[in-house]
Each structure stands twice: as C-alpha cells, then as structure tokens.
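Architecture and fold: a report
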There are 2 protein chains.
Amino acid sequence: MANSHHKLIILGGGPAGLTAGLYAARARMDHLLVEKGAEGGQVLLTDWIDNYPGFPDGISGFDLAEKMLAQARRFELNSMFGNVTSLDLSEPVKRLQFEDGDTLSCDSLIICSGAHPRPLGVPGEVELTGKGVSYCATCDAPFYRNMHVAVVGGGNTAVQEASHLTKFADKVTLIHRRDELRATKIVQEKAFANSKIDFIWDTTVTEIKGTEGVERIQLLNRNGETSELKVDGIFVLIGVLPNNEMLPLDILKADAGGFIPTDLETRTAVPGVMAAGDIRSKEVRQVVNAAGEGATAVLAAEQYLANLS
Amino acid sequence: MANSHHKLIILGGGPAGLTAGLYAARARMDHLLVEKGAEGGQVLLTDWIDNYPGFPDGISGFDLAEKMLAQARRFELNSMFGNVTSLDLSEPVKRLQFEDGDTLSCDSLIICSGAHPRPLGVPGEVELTGKGVSYCATCDAPFYRNMHVAVVGGGNTAVQEASHLTKFADKVTLIHRRDELRATKIVQEKAFANSKIDFIWDTTVTEIKGTEGVERIQLLNRNGETSELKVDGIFVLIGVLPNNEMLPLDILKADAGGFIPTDLETRTAVPGVMAAGDIRSKEVRQVVNAAGEGATAVLAAEQYLANLS
C-alpha cells in the first residue's frame, strides 16, 4: 500500500464517506476510502434513526451503516483502515501521512472526517448515551412524549430545542452555567413565555445517573450547593466539534470552529479537495444531508479530474 | 381549505418535498405539503435506483417514493393535492394561488417543484423511457455493460458522460446536431482520444424504435440523409428544465436556466423561502442530495420561524 496513488481518496467512512464510496465505485473511478475505525462513523453510535428517508419504521444506526457499506461493496468499493495523521495539500498531488509511517497520494480528495458533539465529560454520560443522553433534539425529541427532560446549554441550539422539546415532553428544564442565555432575544423570549420550560441558572451537571436509562442528574450551583434532579432524558447541546486534527486548517481556510467552508458543490478553497458531511462549515448536520453531500462531492471530483490535463 | 394559513408550506412531493414533509411532521410544525400529481416526483419515473444509500440491492423508484411517503405519514404528514398556478412572495405572508381559485398562505415556504430532463420530443421516446432511454448516465451507466449505447448532446455533461459510459459499454456513439462540441477542450480531447467513442456530426435523432427495449434509432443528417443505428440504449443529455411555471422568477433571482439560487442552507433571496432538490440552481441532481436538501430546508424554516416576532 505504501506510496500508492489514486485519482480519488475519500477520508472517512460515515454516511458522507460511504455515499461518496458508493458513487465513486459505481463510476468505476480509481478510488480508495480510508477509515480509521469502523465504517459508519457517528451513525454507529445512534441507537435508532427515524428520519433517514426510505425507512418507514426507522432503522438502527448500525443497520443503516451496514446497508450503506454493503451497497458500496456491491459496486466494488476499495477501502482500507488506517489512521491519517496529516495531509499535505500544498501541491496538485495531495499526500496523506499515516500513523504507521505509510503515505498515500491522490489527485482529488473528499474529506468526510465528521464531527462529534461536545460532551459534558461527566460520569455516566458515555454509559447512558443513546439511553436517555442525547446530543440531537431533532433526532430524538419524539421519543420523550409526556416525559421530563433536561437541556444543557444556553446558545441558540439549546434554547430553540428546549422550545421544540415541549411539543413532546411535559416539562423541559434548561440548565445553564451562566445567569443569562446567549441565544438571540426572540428565541429567548419564546422560551421564557413557554410554561413548560423552567430554568436553572449558574449551574452545571456533574453526573448522570441511572441503570437501564437516565434517572437522575446531579447539579452543582456556582455557590457550591449540590442537588439532584429527576429526569427521563438529558439533551447536551453545548456545541459540535470537528474531527480535524489531521487537516491543514490554514490552507483549507477553516472557520472559527474548525469546520471546512465549501461552495454549494462541496468544493473547498483547495482545487480538487471537497468536504462532505459534518466536517463542512454549515448549520444542519443530519445523516441524509451528509449522504447527499457525499454524492455531490464525487461528481465535483469527477468534474475536477475531467479537466485535469 | 380555501384561504387557510400554515407556518410552513412545502411545494412539491418528490424526494426533497417528502423529506421536508418528514422533518416538518416529526417536528410537529404547522405544515402542509402540496403536490399536483402523485407523491414521488421524477423518482416515480425511475425504474430502478441503485445509488440511493441504504438499499444494497437497489430499489424501484416507486417503492422508494412509497416508503418515504409512509414514513412521513407515520409522523402525521399533512398533505393535499392541488395545482399551484402562481405564488405571491412580495409580502412576509406568502400566498399560493391554485388553479381552481382557492388560495393558501404561509409564513415560510419550501419550493421543491423539481425539474425534468429536456426531451428529444420524438416518437418512441416516452414509451421507451426506462427501457433503454435514459436521461442520467450517473444513474444508469452500469446497466449497459458490454453494450452499444448512443449519447445525444454536445455539452460538458454529454461528452463527459460519453467517456464515463465507456467504462461499461463496449461502444458509445455520440450524436450531435452541430459539427463541433460545446464541452470544454480538455473534456473533448479525452473523448476524441477514447477509441470506444465514435461521433456522428450534424445529425439529430428523429425516432427511437423497439418493443421491449430500445433496438434502433433513426437519424437525420443536416444534408437530408436518413439512416438507422442499432443501439441497446440511448442517453439524452441535452439539458434539464426547471418546473418553475408558477414561480415569481424575478424576486427569486432565478438563474439563466430558470433555476433558483440558494445559499448552503437552501435559503433563497426571499426571507422565509427555501428551495430544495432539482429546482435549486446547482450542478448535481441526485435523489439523495434532493432528500438531504429537504431536511436542511426544514431546519432553515424552523430558524426563520423562531426569529419571527
């Protein structure tokens, strides 16, 4: 494998990368998909997906990833495991450096390295993810009909989703570490006017407790007081972090959050380099739009390669 | 129904519209999806779809549309049939005028009216669509392994796809009505250098013949000579036309082709109006990216509505 060259390399095997792989394989492009863990990306962490179109009863994240992979394999997806530690995008031929010392090069590259929610980093959080701990209200709100949920955060996403959650939950408790919200005024006003939402200020979550699912969360007020709150679920909405450790952020003109800006066709600032899925600088991160961007990115790569002399 | 108002109206029920409907219904937004024919859009015309991620063996266009619709209905999609003849987008409250005289209004609107390939308009074309007549090489090329196919057109898409088709077909005959191509030079050069492609100049297709599938096409040279060519399939790649008859193109700042420009989040030039799927001004038109844009558009509509006073 060392030092081999491909027309197209796809970095990452989540929904964006697997869809890119499907399109590249089907187009019989000289391609390689590189994934460091298991194909599927964040989807694998998602217990149940109700909003990927085409599955009327929903589908588990694991099954969806497996189906996407099987489909790409049917068209002879070329993939490998490997941990890319750096990318050199300064020349027309792009170079990938692997942890084990190997290198690969390509003419075009689709970055689908994804993102992950910023975690609270408290005991119980990892164990109860998908069992009451959620990072996506759009995805999971309907599972909390007539229940009591906590939302952690104070930005637009947290406050808007707190309002959104009241369409399902009986009660939403918004927990914020400061004494005022960062969300825009009108979003705040709507939340304040909503009788189903109450607010706990100057407070952080220090532990999430429960056996089968979330049962209680432990809170710490700035003044040092601790307390417990009984909830059926907790939405942690304190930001999304890009998986960008291996990316040359300067040449890709990464935004302030470290995400990669692109045009409508997923092209980055570097000719021949596309970005698709959650690593893209954008507002909406869903499985189906990641997949859509994977398809778009391959056609952008084909365009780029067709015009290479 | 006459004169009723909704927070969100979705215009069109193809993959973009059905996905928007799924997201809007799941979010319990006050929404209505308006479709003039059958839900599914162009997908219904597609015999077999191999490149919608999640279906390893592929799926028929009809089945995919039905699954998307069933999924949205599970979350109580609100939809109706009706033929919108004009849209008034000059005020914050948007108004839809129907053929039968009824009107509807909304605060936010997602335009998913779609597009259709420019047809040749010759006998046999409609009857043999999906049976050898195709408008999408990306979709259908793998079905023509070791066969002889014709490509009609002279632009970038036609010439690039002719090259692409040689990865599957034994022989590709490109038929163009002029004596030179419009495609960019390098794309042309690659096609000229490809021994599997031959060219028929100054010629139009006047009829497509066959019973179960495409068997022969009839050609007319500019000099008046007619001839027949035996082919297994014909790719008509002479452009895509937007379904925009009902749209106020000036205020939406439509592009030269009549498609609607948007930002990355599908927002058009009119606040509160999004465009998703094939009606969008973009380069790649695939089922999966239409669906992805439908999801993005609903979240853009939610943002817009959250900030409405």
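Scroll up a little and you will see the structure.
The following refers to the structure shown. Note that this is a predicted model, so its numbers are computed, not measured. (Residues numbered from 1 in each chain as written. Chains lettered and ligands numbered in written order. Predicted model: local features only at pLDDT ≥ 70, side-chain atom pairs only at ≥ 80, totals over all residues. Heavy atoms only, no water.)

Our next topic: the packing of helix H1 (residues 15–26) of chain A against helix H6 (residues 287–306) of chain A. All names here are of chain A. Their axes nearest at 7 Å, the elements H1 and H6 cross at an angle of 35°. Considering only the axes of H1 and H6, their crossing is right-handed. Note on element contacts: H6 touches H1 through Val 287, Ala 290, Ala 291, Gly 294, Ala 295, Val 298 and Leu 299, opposite Pro 15, Ala 16, Thr 19, Ala 20, Tyr 23 and Ala 24. Split into classes, the residues belonging to the contact of H1 with H6 amount to 11 nonpolar, two polar and no charged. (Axes fitted to C-alpha atoms, helices over the stretch in contact; angles between N-to-C directions. Helix = DSSP H or I, 4+ residues; strand = E, 2+ residues; numbered from the N terminus. Left-handed = near helix turned anticlockwise from the far one by under 90°. Contact = heavy atoms within 4.5 Å. Nonpolar A, V, L, I, M, F, W, Y, C, P; charged D, E, K, R; others polar.)

We now examine the sheet that holds strand E11 (residues 148–152) of chain B. Residues and elements named next belong to chain B. Within the open sheet, the five strands sit side by side as E10-E17-E11-E12-E13. Their pairing is parallel. The two strands at the open ends of the sheet, each matched to only one other strand, are strand E10 (133–134) and strand E13 (197–200). Direction of pairing for E11 relative to strand E17 (residues 233–236): parallel, over a ladder of four bridges. If you follow Val 151 over to E17, its bridge partner there is Phe 235. (Pairing = 2+ DSSP bridges.)

A few words now on the pairing of strand E8 (residues 103–111) of chain B. Residues and elements named next belong to chain B. Counting buried residues in E8 gives eight out of nine residues, a clear majority hidden from the surface. In this structure, strand E7 (residues 94–98) lies alongside E8, joined through four bridges in antiparallel fashion. When the sheet's bridge partners are listed, Lys 94 is paired in E8 with Cys 106. Linking two consecutive strands that pair antiparallel, namely E7 and E8, is a turn of four residues; a positive phi of about 100° is found at Gly 101 within it. Relative to strand E19 (residues 273–275), E8 runs parallel, the two sharing three bridges. (Buried < 20%, exposed > 50% of the residue type's maximum accessible area, 1.4 Å probe, protein only.)

Once that is clear, we can look at the sheet that holds strand E11 (residues 148–152) of chain A. Residue and element names in this part refer to chain A. Strand order in the open sheet made by the five strands is E10-E17-E11-E12-E13, with parallel pairing throughout. The open sheet terminates on both sides in strands that have one partner only, identified here as strand E10 (133–134) and strand E13 (197–200). Sheet topology places E10 next to strand E17 (residues 233–236); two bridges connect them, and they run parallel. In the sheet register, Ser 134 faces E17, and the bridge partner there is Phe 235.

With that settled, consider the pairing of E11 of chain A. Residues and elements named next belong to chain A. Of all the five residues making up E11, five are buried; the element is thus mostly covered by neighbouring parts of the structure. Because side chains alternate across E11, one face comprises the buried residues His 148, Ala 150 and Val 152, and the other comprises Val 149 and Val 151, equally buried. Inspection of the sheet shows E11 paired to strand E12 (residues 171–175) by five bridges, in the parallel sense. The residue bridging Ala 150 from the neighbouring strand is Thr 173, located in E12. Traced from E11 through helix H4 (residues 156–165) to E12, the parallel crossover comes out right-handed. (Right-handed = clockwise from strand over helix to strand, strands pointing away.)

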